[in-house]
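Topology and contacts: notes
The residues making up each chain are set out below.
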Amino acid sequence: MKAIRRFTVRPLLPEPLRPLGDLARNLRWSWHAETRDLFQSVDPERWAASGKDPVRLLGGVRAERLTALAGDRRFLRRLTAAVDELHDYVTGDRWYQTQDASPRLPAAIAYFSPEFGITAALPQYSGGLGILAGDHLKAASDLGVPLIGVGLLYRHGYFRQSLTRDGWQQEHYPVLDPNELPLTLLEEDDDTPAQVSLALPGGRRLRARIWLAQVGRVPLLLLDSDVEENDLRERGVTDRLYGGGSEHRLLQEMLLGIGGVRAVRTYCRLTGHAPPEVFHTNEGHAGFLGLERIAELCDEGLDFDSGLEAVRAGTVFTTHTPVPAGIDRFDRELVARHFGPGAELPRMDVGRILGLGMETYPGGEPNLFNMAVMGLRLAQRANGVSLLHGQVSREMFAGLWPGFDAAEVPITSVTNGVHAPTWVAPEVLRLGARRVGAQRTEDALSVGGSDRWDSVADIPDQDIWDLRRDLREQLVQEVRARLRASWRQRGAGTAELGWIDGVLDPDVLTIGFARRVPSYKRLTLMLRDRDRLMDLLLHPERPIQIVVAGKAHPADDGGKRLVQELVRFADDPRVRHRVVFLPDYGMAMAQKLYPGCDIWLNNPLRPLEACGTSGMKAALNGCLNLSVLDGWWDEWFRPDFGWAIPTADGAGTDPDRRDDIEAAALYDLLEQRVTPRFYERGRHGLPDRWIEMVRQTLTLLGPKVLAGRMVREYVERLYVPAAQAHRALDPDTASDLAAWKARVRSAWHAVTVDHVETSAATPTAELGSTLALRVRLRLGDLAPDDVEVQAVSGRVDTEDRITDATTVPLKPTSGPDLEGSWIYEGPLSLDRTGPYGYTVRILPDHRLLASGAELGLVAGPSDELVEGAGVLYR
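Residues numbered from 1 in each chain as written. Predicted model: local features only at pLDDT ≥ 70, side-chain atom pairs only at ≥ 80, totals over all residues. Heavy atoms only, no water.

Remarks on the overall build of the protein chain
As a reminder of what qualifies: Strands are runs of DSSP state E lasting at least two residues, helices are runs of H or I lasting at least four, and both sets are numbered from the N terminus onward. C-alpha atoms define the radius of gyration in this analysis, and the globule rule sets the expected value at 2.2 Å times the number of residues to the power 0.38. The contact criterion used is simple: two residues touch if any of their non-hydrogen atoms lie within 4.5 Å. His is not counted here, nor are the chain ends, while Lys and Arg score as positive and Asp and Glu score as negative. Note on charges: their place is set at NZ of Lys, CZ of Arg, CG of Asp or CD of Glu.
Broken down by element type, the protein chain carries 29 helices and 28 strands. Expected size for 874 residues packed as a compact globule is a radius of gyration near 29 Å; at 29 Å, the protein chain falls within 12% of this value. With respect to the principal axes defined by its C-alpha atoms, the protein chain has extents near 95 × 70 × 50 Å. Put simply, 72% of the contacts in the protein chain that link residues at least 6 apart link residues at least 24 apart. Counting 103 positive and 122 negative side-chain charges, the protein chain places the centres of these two groups 6 Å from one another.

Below is the structure:
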């Protein structure tokens, strides 16, 4: 019999136990072992059955058990200690509060993301982007960085995955009740739910409530459109992550960006939280936040261009995709219909809105509105998520800055990191605490610093090897339990599943591979030569075993076929004890998988992996990486702590041929280098060289892969400069800057380089000599203060393109003459041997520009004139 209405009945905790509710509502428990241990002691069986979710746990504990705990003085002492410790954590000074006040740090930063992976108990993530966002918030909390997170609350989250009998992926979308999640509804002073509202075409409204998830010190605001005031279609806007068609996605992203800014304003008004000085857009999905902030400034009296300059100054944009197909793009007519009179932001010119996102550059599709392009045009500072990805991003978006080499495109990089307290196994933490001290271990995981990680050298080999074996055995038990549950879902009876008791072996080299399943990640590369793989799996002396997990997007039948291909191989009775596929990959599974593996395998098509943080999480548990040199591994790989799979990514390589070559290289590495090192034994019966690689992984990679390191870089390199730029652009200054840019753009057609000469008498010169450079140019209506004239020099390739360029500013020495010409002069130092070249160029120059390429304008010899993305701002 089905209920006609659903309620959430909250437990009434005895007065002495009321603080348990406060602990459960702060998600710090998800990475604080002592708090989790406290909840486990409430009722160990229910703790396991609840999925280690304190809210679900407390909702199911029997009244007599609560009464007993309320009188248990030992438990109450532990509870008091946990509450006091959380209070100290939330209110005390941390890294951010101890930094030099000059320059003044941002009072607050708003961090927008379409998904957040905080804990399995709050399933609002699909993969790496969301997990990264969750780790960003947690690390910011540990460091005391005043972030405000902003996202959407999806009533179905991302899908749950199961398999049919023949291995085809099936999706399930369980309904999530916010009242059963670790959330609190944000309320107005009169106790009514706080709401934000967006105008839709046809006089309709999209309303959303604001739920608060407290992530340590960081509030996370989640917008929920499933409210009674909405029509049925609007109620479904936040139904599921990355679901629906184009208009559905557009409404989600309008709610995230525009509604998110309004939610932040509401939260700050109700709580007294400092308003953000910096807005950080994690991928393009939230890019509309810039439009709302421009509209706010226009309501205060600024014009669009001045508002744009003020908004850009305080905005940071992070791109995560290395391929254009990974970016949300909408038909221009669809976007136009949702803005302007009769829709959202009615006082803003629709043409100006469209101009921010249209692909009006060589190679673009001019009728498509590109969310990443808008993100770049609305942010003065942008970054990729690894050194290589920064390079890929500069090349991918170079069309926005024509006339500039890709290396000069103003997109930097901050390599991702992972939140160690979330991902490091408790057993690893306990070994660290026992051998090097609890406080030193905690500092190493949250603060970083190589000096704290050097103490790993003091841990005996036997302890490391015993730990690795223990973690592997735990993974074996976890895999068997999950595999049994999966086969039951696939329709198998108990009598068919006896073989599962022999799946995997805690003494066999274990390889992990788990991630989303787009084609470029190549889930099935390991199957390229099945005979060689079977030989590796079944080797009589040096066998391997492989644990695989991953989800294909519901609309990606190609990805689903890859999953099915892998599952069918794993179902083969000859190898099913050595290779398994676990459905429904998520945070709870990952936290068991990373520590239990000896090798973490990653074999994407280079350079299509933006970062790939799963290997970082594995490394923090002493798991070695075996990966293509892509993402973070390209940046930090060393033979001391892992292996690089050779790639055949040269131009002209046939895709199938490339896969064959790289799969063969993978098999060679496993056969010749990886398995021998794991199984060889030294004088004391231990794999000494393997253990040393584990030690080097922890010592050398540990401090680098931390989310704490990442967040500190964001603060120092992006947030602080953005806050300074934001403060500098008061209304008058913003108006002056907008007027200056308009004047430069309108006058730029007359900026030319007429003549360039040097003191060189011959086509050869000696290393270390200096030439005198003299340039005659015209500035039209501009003055020398409006521009910078540069000499650009360096080695040249066979096509006379300058590589590894050095730029030197030239100074005006005379002008203007009767013809309007100026003379600029300066030295040209020949500091490198071989073919060498130089050129001259003119760039706009203003003290408030973050980069000389910001306007996308450059003039060079031969009256060369190139206009870039900046022309769209007028």
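The discussion continues.
Describing the sheet that holds strand β19 (residues 624–628)
Spelled out, the test is: Note on pairing: two strands pair once DSSP finds at least 2 bridges between them. For every element, the axis is a line fit to its C-alpha atoms; helices are fit only across the contacting stretch, and the angle between N-to-C directions ranges from 0 to 180 degrees.
Taken in spatial order, the 6 strands of this open sheet run β17-β16-β15-β18-β19-β20, and their pairing is parallel. Two strands bound the open sheet, and with one partner strand each, they are β17 (579–582) and β20 (642–645). Neighbour-to-neighbour, the strand axes of this sheet turn through a mean angle of 20°, independent of strand direction. Sheet strands in contact with helix α20 (residues 461–489) are β15 (509–514), β16 (544–549) and β17, and its direction is about 60° off that of β17.

What about the side chain of Lys560?
As for its placement among the helices and strands, Lys560 is situated in helix α22 (residues 557–570). Setting aside residues no more than four positions away along its own chain, Lys560 makes contact with Trp168, Gln169, Glu171, Ala552, His553 and Pro554.

Some remarks on a negative patch on the surface
Counted only if it meets this: Like-charged residues are merged into a patch within 9 Å and nonpolar side chains (Val, Leu, Ile, Met, Phe, Trp, Tyr) within 5 Å, provided each residue has over 30% relative accessible area and no salt bridge. Using a 1.4 Å probe, accessible areas were evaluated by the Shrake-Rupley method; residue-level cover was limited to the displayed protein chains. One side-chain nitrogen of Lys or Arg within 4 Å of one carboxyl oxygen of Asp or Glu is enough to make a salt bridge.
Taken together, the side chains of Glu187, Asp189, Asp190 and Asp191 define an acidic patch exposed on the protein surface. Structurally, the position occupied by Asp189 is in the loop between β5 (184–185) and β6 (195–199).

So, the environment of Phe569
Put simply, the rule is: With a 1.4 Å probe rolled over the protein chains alone, any residue whose accessible area is under 20% of its type maximum counts as buried; one over 50% counts as exposed, and the rest are partly exposed.
Along the polypeptide, Phe569 turns up in helix α22. The class of Phe569 is buried, set by a relative accessible area of 4%. When sequence neighbours within four positions are dropped, the list of residues in contact with Phe569 reads Leu527, Arg530, Leu533, Met534, Leu537, Val575 and Val579.

Quick look at a positive patch on the surface
Taken together, the side chains of Arg73, Arg74, Arg77 and Arg78 present a region of like positive charge at the surface. For Arg73, the location among the structural elements is in helix α6 (residues 73–91).

Some words on the packing of α20 against helix α23 (residues 587–596)
Using the following cut-off: Orientation categories follow fixed angle ranges, with anything under 35 degrees roughly parallel, anything over 145 roughly antiparallel, 65 to 115 roughly perpendicular, and all other angles oblique. The crossing is said to be left-handed when, going from far helix to near helix, the turn is anticlockwise and less than a right angle, and right-handed when the turn is clockwise. Side-chain classes follow a simple rule in which Ala, Val, Leu, Ile, Met, Phe, Trp, Tyr, Cys and Pro form the nonpolar group, Asp, Glu, Lys and Arg form the charged group, and the remainder, Gly included, forms the polar group.
Where α20 contacts α23, the two axes come as close as 8 Å, and the packing angle between them is 140°. Taken as axis vectors, α20 and α23 run oblique relative to one another. Regarding α20 and α23, the two cross each other, and that crossing is left-handed. Every residue of α23 that contacts α20 at Arg468, Leu471, Arg472, Gln474, Leu475, Glu478 and Arg482 is listed here: Ala588, Met589, Lys592, Leu593, Pro595 and Gly596. Partitioning the contact of α20 with α23 into residue classes produces 6 nonpolar, 2 polar and 5 charged.

Description of the packing of helix α7 (residues 128–143) against helix α28 (residues 707–728)
In the contact formed by α7 and α28, the axes pass within 8 Å of each other and the chain directions differ by 80°. One element, α7, and the other, α28, form an angle in the roughly perpendicular class. Contacts between α7 and α28 involve Leu132, Asp135, His136, Ala139, Ala140 and Leu143 from the former and Ala707, Gly708, Met710, Val711, Arg712, Tyr714 and Tyr719 from the latter. In terms of residue class, the contact of α7 with α28 is made up of 9 nonpolar, 2 polar and 2 charged.

Digging into helix α10 (residues 289–299)
Of all 11 residues that make up α10, 8 are buried, and the element is covered over most of its length. Residues Leu289, Gly290, Leu291, Glu292, Arg293, Ile294, Ala295 and Leu297 constitute the buried set of α10. Elements that come into contact with the buried residues of α10 comprise β1 (109–112), α9 (246–271), β9 (278–282), α11 (304–313), β10 (315–318) and α13 (350–357).

Observations regarding the nonpolar core
One broad trend across soluble globular proteins is that nonpolar side chains are buried collectively. We apply this condition: Working definition of a nonpolar core: buried Ala, Val, Leu, Ile, Met, Phe, Trp, Tyr and Cys residues. They are joined through side-chain atoms within 4.5 Å.
If you look at the biggest cluster of nonpolar residues, it comprises 105 residues, and the most contacted ones within it are Ile546, Ile599, Leu626, Trp643 and Trp690. Excluding its chain neighbours within four sequence positions, the residues that come into contact with Ile546 are Ile511, Met526, Leu533, Leu537, Arg578, Val579 and Val580. In this structure, Leu255, Leu289, Met374 and Leu777 belong to the second largest nonpolar core, which totals 92 residues.

Considering the pairing of strand β23 (residues 787–796)
Regular strands place side chains that alternate from one sheet face to the opposite one. Summarising burial for β23: 8 of the 10 residues are buried, a large majority. In this sheet, strand β26 (residues 836–844) lies alongside β23 in antiparallel orientation, the contact comprising 9 bridges. Residue pairing across strands places Val787 opposite Pro844, the latter belonging to β26. Pairing geometry for β23 and strand β24 (residues 802–814), over 7 bridges, is antiparallel. Following the sheet pairing, Ala791 is matched in β24 by Val808. The antiparallel hairpin formed by β23 and β24 contains 5 residues in its connecting segment, where Asp800 sits at a positive phi of about 65°.

Digging into unusual backbone geometry
The omega torsion of the bond from Arg606 to Pro607 falls at 5°, within 30 degrees of zero and hence cis. Within the fold, Pro607 resides in the loop between β18 (599–602) and α24 (614–619). With an omega of 0°, the peptide bond between Gly815 and Pro816 qualifies as cis. Of note, the phi angle at Asp804 is positive, near 50°, even though the residue is not glycine.

A word on the pairing of β17
Using the following cut-off: By convention, a crossover is right-handed whenever its connection, traced from the first strand over the helix to the second and viewed with the strands pointing away, goes clockwise.
Along β17, one buried face is formed by Val579 and Phe581 and the opposite face, lined by Val580 and Leu582, is buried too. Note that β16 and β17 share 4 bridges and pair parallel. Its bridge partner lying in β17, Val548 is registered against Phe581. A crossover links β16 with its parallel partner β17, the connecting element being α22, and its sense is right-handed.

Quick word on the pattern of salt bridges
A full pass over the atoms with the stated rule returns 62 salt bridges. Arg165 is the partner of Glu496 in a salt bridge, and the nearest nitrogen-oxygen pair spans 2.9 Å. Remark: Arg165 occurs in the loop between β3 (160–163) and β4 (169–172) and Glu496 occurs in the loop between α20 and β15; sequence separation between them is 331 residues. What makes Glu496 partly exposed here is its relative accessible area of 39%. Accessibility expressed as a relative area gives 45% for Arg165, which makes it partly exposed. Taken together, the salt bridges that share partners define one network made up of Arg522, Arg528, Asp656, Arg658, Asp659, Asp660 and Glu662.

A look at the packing of aromatic side chains
Here a ring pair, both rings aromatic, is described through the centre-centre distance and the interplanar angle of the planes. The line we're drawing: Here is the rule: rings of Phe, Tyr and Trp (six-membered ring for Trp) pair when centre to centre is within 6.5 Å. Planes less than 30 degrees apart are stacked, more than 60 are edge-to-face, and the remainder are tilted. Whether a charge lies above a ring is judged from NZ of Lys or CZ of Arg, which has to be within 6 Å of the ring centre and within 35 degrees of the ring normal.
Taken as a whole, this structure holds 20 aromatic pairs when the rule is applied. Between Phe112 and Phe279, the ring centres sit 6.1 Å apart and the planes meet at 35°, which makes this aromatic pair tilted. Within this pair, whereas Phe112 is found in strand β1, its partner Phe279 is found in strand β9, the two being separated by 167 residues in sequence. In this structure, Phe112 and Phe279 share a single accessibility class: buried. Ring geometry for Tyr714 against Tyr719: centres 5.9 Å apart, planes inclined by 25°, an arrangement best described as stacked. Among the aromatic side chains, those forming a connected cluster through ring pairs are Trp465, Trp643, Phe678, Tyr679 and Trp690. The positively charged end of Arg490 is found above the aromatic ring belonging to Trp487, 4.0 Å away from the centroid. The side chain of Lys551 reaches across the aromatic face of Phe159, ending 4.9 Å from its centre.

As far as function goes, none of this settles anything; it's purely spatial.
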